[in-house]
Amino acid sequence: MTLEERLGELLRQARADAHAERSEVLDCLDTEAFHVLVIGGGATGLGVAVDAASRGLRTAIVEALDWAAGTSSRSTKLVHGGVRYLEQMDFGLVREALHERGLLHANAPNLVHPLSFIVPSFKWWEGPFYGTGLKLYDALAGRLNLKPSRLMTREEVIARIPNVHLDGLRGGVEYHDGQFDDARLAISLLRTAQAHGAVAARSLRVHALVQDGGRVAGAEARCGITGRTVRIRACAVVNCTGIFADSIRTMESPDARPMIEPAQGVHVVLDRTFQPSDTAIMVPHTDDGRVLFVIPWHGHTLIGTTDIPRPAPEENPQPTEEEIGFILHNAGRYLQRVPGRDDVLAAFAGMRPLVHEGGIDGTASKHVSRGHVVQVGDSGLVSVMGGKWTTYRRMAQDGVDHAVAVADLPAGPCITETLSVHGAIERTDPRWPADEWLQVYGSEADAVQALMAREPALAAPLHAALPYTGAALWWGLRHEQAQTVDDLLHRRIRAGLLHARATHDIADRIAPMLEGF
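This text gives an overview of the structure that appears in the document. (Residues numbered from 1 in each chain as written. Predicted model: local features only at pLDDT ≥ 70, side-chain atom pairs only at ≥ 80, totals over all residues. Heavy atoms only, no water.)

## Some points on the packing of helix 2 (residues 43–54) against helix 7 (residues 182–195)
Here helix 2 crosses helix 7 at 25°, and the two axes come no closer than 9 Å. Looking at the two axes, helix 2 sits roughly parallel to helix 7. For helix 2 against helix 7, the interelement crossing comes out left-handed. For the pair helix 2 and helix 7, contact is made by Leu-46, Ala-49, Val-50 and Ala-53 and by Ala-186, Leu-189, Leu-190, Thr-192 and Ala-193, respectively. (Axes fitted to C-alpha atoms, helices over the stretch in contact; angles between N-to-C directions. Helix = DSSP H or I, 4+ residues; strand = E, 2+ residues; numbered from the N terminus. Parallel < 35°, antiparallel > 145°, perpendicular 65-115°, else oblique. Left-handed = near helix turned anticlockwise from the far one by under 90°. Contact = heavy atoms within 4.5 Å.)

## Comments concerning the side chain of His-300
Counting through the fold element by element, His-300 comes out in strand 14 (residues 300–304). The contact partners of His-300, leaving out residues within four places of it in the chain, are Val-269, Leu-270, Arg-272, Ile-295, Leu-345, Leu-466 and Leu-498.

## Details of the environment of Ala-471
Relative to the helices and strands, Ala-471 resides in helix 13 (residues 470–479). Residues Ala-471 and Glu-436, spaced 35 residues apart in sequence, show a C-alpha to C-alpha distance of 15 Å. Those residues in contact with Ala-471 that lie beyond four places of it in its chain are Val-448, Leu-451, Met-452 and Leu-458.

## Topic: the nonpolar core
Residues Phe-117, Tyr-175 and Tyr-441 are the most contacted members of the largest nonpolar core, which totals 107 residues. For this core, the element with the highest residue contribution is helix 2, accounting for 7 residues. Residues within four places of Tyr-175 in sequence aside, it is in contact with Val-83, Leu-115, Ser-116, Phe-117, Val-119, Leu-134, Tyr-137, Ser-149, Met-282 and Phe-293. If you look at the next biggest cluster of nonpolar residues, it comprises 24 residues, including Ile-161, Val-268, Ile-327 and Leu-335. (Core = buried A, V, L, I, M, F, W, Y, C linked by side-chain atoms within 4.5 Å. Buried < 20%, exposed > 50% of the residue type's maximum accessible area, 1.4 Å probe, protein only.)

## Some words on the pattern of salt bridges
On inspection of all chains with the given rule, the structure shows 35 salt bridges. In this structure, Arg-58 and Glu-32 form a salt bridge, with 2.6 Å as the shortest nitrogen-oxygen distance. In this pair, Arg-58 is assigned in the loop between helix 2 and strand 2 (59–62) and Glu-32 in the loop between helix 1 (3–31) and strand 1 (33–39), connecting sequence segments 26 residues apart. Since its relative accessible area comes to 27%, Arg-58 is described here as partly exposed. Notably, a salt bridge pairs Arg-55 with Asp-401, separated by 2.9 Å at the nearest N-O pair. Taken as a pair, Arg-55 in the loop between helix 2 and strand 2 and Asp-401 in helix 10 (residues 392–407) lie far apart in primary sequence, 346 residues in all. On the accessibility criterion, Arg-55 (8% relative accessible area) is buried. On the basis of relative accessibility, which here comes to 33%, the residue Asp-401 falls in the partly exposed class. By sharing partners, the salt bridges in this structure join Asp-66, Arg-202, Asp-486, Asp-487, Arg-491 and Arg-492 into a single network. (Salt bridge = Lys/Arg side-chain N within 4 Å of Asp/Glu carboxyl O.)

As structure tokens, then:
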């Protein structure tokens, strides 16, 4: 048997084992009663599942597609307070996000790490102006601040950003925020919730809410793989469906006023040579006044984001050429080597759920607060809307608090401020892997490496342009509920966001191994 044949055999067996376990999960959802049912498997929903389960509540979570398939895998990969919100004087939101940034860094150190940002200055006033603002940013972070900001000389900026635009460069300001892998954190939260007893199923789309005596008492959902319908009974139902939150709210009240405005963000990915260091660039003002980031990520350069209002939510939004051109043009104003369209290795889009607490009123999306709202419907449906990845834990705590109050649940206190996520290890741990792609597995990296040592078919790189091996695919199928090639290549590994052509080649290779999948 060739290595390629063995790889196919191993992946098919992993899939078969996972499918057998899925049948048991569906039986459990259909027959047991739960304290809390969470609808939506993105950052907020997974956070709610972790919070509820860790308080001792019998918890179920269902997701229509894949874990973090939407906005939660298509972020700017930053755990941040939001420098741009200082200009909007939204100090409460910034303080809350900076506090949560510190907690995430402590609770998921293998997935969240400090990242240095430089704001290059080209005018005499920019250094003092941005320096003062970033000192306020430091102060709002308090004891959880990662590192103090500071002014930099022209020479220091050039040394840290080798490709920085030189004409007129005066110096810069350095500050620190957090960086993470969003889809991998989502999977770690899934595993954390399961470790606390939560029952989780993806590819299970809710099509109706169940009511009992005028109160929401569960939901009906249809399996996207088998077509089976399950009826899930729960004392409280928490709607965490992001840009689709209004569609669940109208299942409770058909005349519910829309509250969610989707806004599309686009990112482009370039070769690492466009920013060949471990320092990021913050562009404080694009042509229309927004902020842009040029960030090192998984051996590449990530640039984004735009923020374009969209008329309706989409499950798989696509970047437009206009948005890609906007990003390249504005990044090029700060880079000596200007990126062109042919330099783009990949581009991706995600839709943010901007929330209007009083209903949508036409306010421009860049002026809508990125804070979150928890709403309780007339029949007791709890909807957690808005927010961002950085504040997912606080959003989850607020959502579960409301669910406990609505249904009078026997919950313990919230413990997530100090709860380590699944796989968490410090970077000083002797088990810390040297290969960056393995670091997202944290304490399980040893098991992935052992798998490669045991099975040569799982040890070979899947493509010369990327570091991933077949072991990551096997692990995703067997332990992380991956079901499709898209799940594997876009969220269990990040190939799809890093190199479109290489991802296409890998997909062509492994799809036949998973026929009927």
